[in-house]
Amino acid sequence: MCRLLILPFLFGVLSPVAANAGDWVYLARSESDIMQRKEVGITKKECFKIKREEQKKAKKINYKLSHNKCFSTE
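The paragraphs below set out a description of the structure included in this document. Small disclaimer: the values here were computed from a predicted structure and weren't measured.

## A closer look at the nonpolar core
In step 1: Residues Trp 24, Tyr 26, Ala 28, Met 35, Ile 42, Cys 47, Ile 50, Ala 58, Tyr 63 and Cys 70 constitute the largest nonpolar core, which totals 10 residues.
In step 2: For this core, the secondary structure elements donating two or more residues are β1 (24-30) and α3 (44-61).

## A look at the state of the cysteines
In step 1: Following the criterion strictly, the structure yields one disulfide and no others.
In step 2: Paired through a disulfide, Cys 47 and Cys 70 show a sulfur-sulfur distance of 2.2 Å. Where Cys 47 bonds to Cys 70 through sulfur, the torsion about that S-S bond is close to -115°, and the disulfide is left-handed. One end of the pair, Cys 47, is in helix α3; the other, Cys 70, is in strand β3 (residues 65-72), with 23 residues separating them in the sequence. The residues Cys 47 and Cys 70 share a single accessibility class, namely buried.

## Quick word on α3
In step 1: With 18 residues, α3 extends 26 Å from end C-alpha to end C-alpha; this agrees with the ideal 26 Å at 1.5 Å per step.
In step 2: Buried residues belonging to α3 abut β1, β2 (36-42) and β3.
In step 3: A positive phi of about 65° marks Asn 62, the residue just after α3.

Cut-offs applied
Residues numbered from 1 in each chain as written. Predicted model: local features only at pLDDT ≥ 70, side-chain atom pairs only at ≥ 80, totals over all residues. Heavy atoms only, no water. Core = buried A, V, L, I, M, F, W, Y, C linked by side-chain atoms within 4.5 Å. Buried < 20%, exposed > 50% of the residue type's maximum accessible area, 1.4 Å probe, protein only. Helix = DSSP H or I, 4+ residues; strand = E, 2+ residues; numbered from the N terminus. Disulfide = S-S within 2.5 Å. Expected span 1.5 Å × (residues − 1). Contact = heavy atoms within 4.5 Å.

Taken by themselves, the reported measurements are silent on function.
See below:
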């Protein structure tokens, strides 16, 4: 029974998809604290997509972002 539980665990740990996911952090905050947002453990592509969306939302609602950045954790 123990062997049957170890095999799925090893496949999950050694999966290359899990190794590449989650190395970017996105942080946004408005100057008037209307909006605060933080995304952790996302890919670079997702991070810059969220950044563009937040810029569009800021223009639409007419508020200024003090932070709108993507960070790599590596």
